[in-house]
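Listed below, chain by chain, are the residues.
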Amino acid sequence: MRLAVALQADLQARAAEGLYRRRHCVDSPQGVWLERDGRRWLNFCSNDYLGLAAHPALRAALQRGTADWGVGSGASHLICGHTRAHHALEEELADFVGRERALLFSTGYMANLGVIAALCGRGDWVVEDKLNHASLIDGARLSGARLLRYAHNDATAAAARLAECGKGRRLLVSDTLFSMDGDLAPLAELAEAAHNADAWLMLDDAHGLGVLGPQGRGSVAQLGLDEDAVPILIGTLGKACGTFGAFVAGEAALIETLLQQARTAIYTTAMPAAVAEATRAALRIVQAAEDRRQHLQVLTAQFRHGAQALGLQLTPSVSPIQGVLLGDNARALAAAAHLADCGIWVSAIRPPTVPVGSARLRITLTAAHTAEQVERLLEALAGLRTSYAD
Ligand SMILES: *Cc1c(COP(=O)(O)O)cnc(C)c1O
């Protein structure tokens, strides 16, 4: 059978299940308002939590960065692509999250693949929350270690899984703030479970960094968990920091090991130095952005209060990520279409990104939104409620 014929059948089956994914072409910079299809859309689906993605200081830093460093980095970090700009960013990131060292990766996806596969292999054990980000699951698969999964946010279940592990290394891995539910993992309990089982704890703070903790230092800093409790800390730079890339932070021995063994750091071109410069500018803003974080909390409370009053079923979120649970895929798609009719852009999240039967709207608030805009979102959601009165 011709390739296209074989694939077409699969694509049609996917579409029939309401699982077809498609992109939209955006004609404007990121922000509260996006241009698409010749219209303006009120954006409630980006991860640009602090509204920095198009910030003038970041744009200027990127431009200065290209003037100073050009565009391409020329090679991987280990060959000749590791500039003074990358190095300074690594030092600033380590300092930001209170760790000895940090190592840059091109993306969070690559960081998670590279770190887990560098630390574990055949004969080792990786224990993960059932709702962990796909990159954490894929990292365990790639490593060849045995993967055991536990019920979402259940530290007792995590401890039970750790007790099942045999000889070999044990790595306990969790998101901090879950990307589709917005709830926070029981970090201190996970640290204790790891400690008791002689396992290492790896936390992915992609959504907490910049949003939670003193000066936005993340959920791990918020709880005061140090390098002993959380020896492997992942952060991403494409969300609250508004740029691109990711890093892992920890002790020097971890970073040196990753430099030798993390294949997604070794066999890939270094990110452009100008992007590192833009991220350095972002970090300075993030640390001083107490007003933005405060505003974000106020908007989050406003949204939850309003949505609950409408009788909508929300995920138990403590963050700007708010899930409106709708159940089946068709309902989630219809809800997103209803909001689109109101000029609001929110994405319907379906399996396998979330468990079957928990399709939802994933609404994200940012510090750039106003209370009036959140009110407009709630009004649109009120219309949804009537269209589904069952
Ligand atoms: C977004 C995300 C990643 C991936 O980061 P990228 O830099 O976008 O590749 C990893 N982990 C979690 C929890 C995420 O939400």
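Residues numbered from 1 in each chain as written. Predicted model: local features only at pLDDT ≥ 70, side-chain atom pairs only at ≥ 80, totals over all residues. Heavy atoms only, no water.

A. Quick peek at the overall build of the protein chain. When helices and strands are tallied, the protein chain shows 15 helices and 13 strands. Taking 2.2 N^0.38 as the reference for a compact globule, 390 residues should give roughly 21 Å; the C-alpha atoms of the protein chain span a radius of gyration of 21 Å, in line with that estimate. Along the first, second and third principal axes, the C-alpha atoms of the protein chain reach 55 × 55 × 55 Å. Of all 390 residues assigned to the protein chain, the portion counted as buried reaches 54%. Within the protein chain, contacts between residues at least 6 apart in sequence are counted, and of these 69% link residues at least 24 apart. About 17,400 Å² of surface is accessible on the protein chain, with carbon and sulfur atoms providing 53% of the total. (Helix = DSSP H or I, 4+ residues; strand = E, 2+ residues; numbered from the N terminus. Rg over C-alpha atoms; globule rule 2.2 N^0.38 Å. Buried < 20%, exposed > 50% of the residue type's maximum accessible area, 1.4 Å probe, protein only. Contact = heavy atoms within 4.5 Å. Areas by Shrake-Rupley, 256 points an atom, 1.4 Å probe, with all protein chains shown as cover.)

B. Region of interest: the environment of leucine 296. Here leucine 296 is to be found in helix 13 (residues 290-309). Overall, the relative accessible area of 3% leaves leucine 296 in the buried class. When the C-alpha atoms of leucine 296 and leucine 3 are compared, they prove to be 48 Å apart, with 293 residues separating the residues in sequence. Here leucine 296 is in contact with Tyr49, Leu50, Val211, Pro320, Leu365, Thr366 and Ala367, once residues within four sequence places are set aside.

C. Broad picture of the sheet that holds strand 13 (residues 359-364). Spatially, 10-13-12 is the arrangement adopted by the three strands of the open sheet, whose pairing is antiparallel. A strand with exactly one partner marks an edge of an open sheet, and here the two such strands are strand 10 (321-327) and strand 12 (347-349). Going across the sheet, the axis of each strand differs from the next one's by a mean of 30°, ignoring polarity. Across the sheet, helix 14 (residues 329-341) touches strand 10, strand 12 and strand 13, and the angle it forms with strand 13 is around 35°. (Pairing = 2+ DSSP bridges. Axes fitted to C-alpha atoms, helices over the stretch in contact; angles between N-to-C directions.)

D. Representation of the nonpolar core in the model. With 83 residues, the main nonpolar core has Phe44, Leu172, Phe247, Phe303, Leu361, Ile363 and Leu381 as its most contacted residues. The contacts of phenylalanine 303, once residues within four sequence positions are left out, are Leu314, Gln322, Val324, Ile363, Leu365, Val374, Leu377, Leu378 and Leu381. Grouped together as the second largest cluster of nonpolar side chains are 24 residues, Ala111, Val126, Ile255 and Ala265 included. (Core = buried A, V, L, I, M, F, W, Y, C linked by side-chain atoms within 4.5 Å.)

E. Quick peek at the layout of surface pockets. Here the second largest pocket defines a volume of roughly 210 Å³. Looking at the second largest pocket, the residues that line it are Ala118, Leu119, Arg169, Trp200, Pro231, Ile232, Glu251, Ala253, Leu254, Thr257 and Gln261. Within the residue set of the lining of the second largest pocket, elements represented by two or more residues are helix 5 (108-119) and helix 10 (252-261). When residues in the lining of the second largest pocket are grouped by element, the largest group, four residues, is from helix 10. Tallied by class, residues from the lining of the second largest pocket come to seven nonpolar, two polar and two charged. (1 Å grid on protein atoms, 1.4 Å probe; cavity = no way out; pocket = protein on both sides within 12 Å on 5 of 7 lines; lining within 4 Å. Points joined across faces, edges and corners; volume = space filled by probe spheres on them. Nonpolar A, V, L, I, M, F, W, Y, C, P; charged D, E, K, R; others polar.)

F. Examining the sheet that holds strand 11 (residues 344-345) more closely. The strand order 1-2-11 describes an open sheet built from three strands, whose pairing is mixed. Both edges of this open sheet fall to strand 1 (33-36) and strand 11, since each of them pairs with a single strand only.

G. Spatial organisation of the pattern of salt bridges. Enumeration over the complete set of coordinates arrives at eight salt bridges. Overlapping salt bridges, with partners in common, bring together Glu92, Glu277 and Arg280 in one network. (Salt bridge = Lys/Arg side-chain N within 4 Å of Asp/Glu carboxyl O.)

H. Main features of empty space enclosed by the protein. Under the defined criterion, the tally for this structure stands at one cavity of 30 Å³ or more. Taken together, Gly31, Val32, Asn43, Ser46, Asp48, Gly51, Thr366, Ala368 and His369 form the lining of the largest cavity. In terms of residue class, the lining of the largest cavity is made up of two nonpolar, six polar and one charged.

I. Molecular detail of the pairing of strand 9 (residues 246-250). Along strand 9, five of the five residues are buried, which leaves the element largely enclosed by surrounding structure. Covered by surrounding structure in strand 9 are Ala246, Val248 and Gly250 together with Phe247 and Ala249, the residues of both alternating faces. Judged from the five bridges that link them, strand 3 (residues 101-105) and strand 9 form a sheet pairing that is antiparallel. If you follow arginine 101 over to strand 9, its bridge partner there is glycine 250. One ladder, built from four bridges, connects strand 8 (residues 232-236) with strand 9; its direction is antiparallel. Directly across from isoleucine 234, in strand 9, lies its bridge partner valine 248.

J. Region of the structure containing the packing of aromatic side chains. One pass over the structure, following the stated rule, counts one aromatic pair. In this arrangement the basic side chain of arginine 36 is found over the ring face of tryptophan 345, its NZ or CZ atom lying 4.5 Å from the centre. The aromatic ring of tryptophan 33 is capped on one face by arginine 40, whose charged end is 4.0 Å from the ring centroid. (Phe/Tyr/Trp six-rings, centres within 6.5 Å; stacked < 30°, edge-to-face > 60°. Lys NZ or Arg CZ within 6 Å of the ring centre and 35° of its normal.)

K. A look at the site of the ligand. As a matter of local geometry, the ligand sits amid 14 residues, with Gly108, Tyr109, Asp204, His207 and Lys239 nearest to it. Within the backbone of glycine 108, a nitrogen or oxygen atom sits 2.7 Å from an oxygen atom of the ligand. Tyrosine 109 places a polar main-chain atom, nitrogen or oxygen, 3.0 Å from an oxygen atom of the ligand. Surface burial for the ligand is 82%, taken as the share of its 380 Å² of free accessible area covered by protein chains. The dominant element in the shell around the ligand, judged by the number of residues it contributes, is helix 5, at three residues. Looking at the shell around the ligand residue by residue, the class counts come to two nonpolar, nine polar and three charged. (Near = heavy atom within 4 Å. Polar contact = N/O pair within 3.5 Å; in protein donor to acceptor, adjacent residues only side chain to side chain.)

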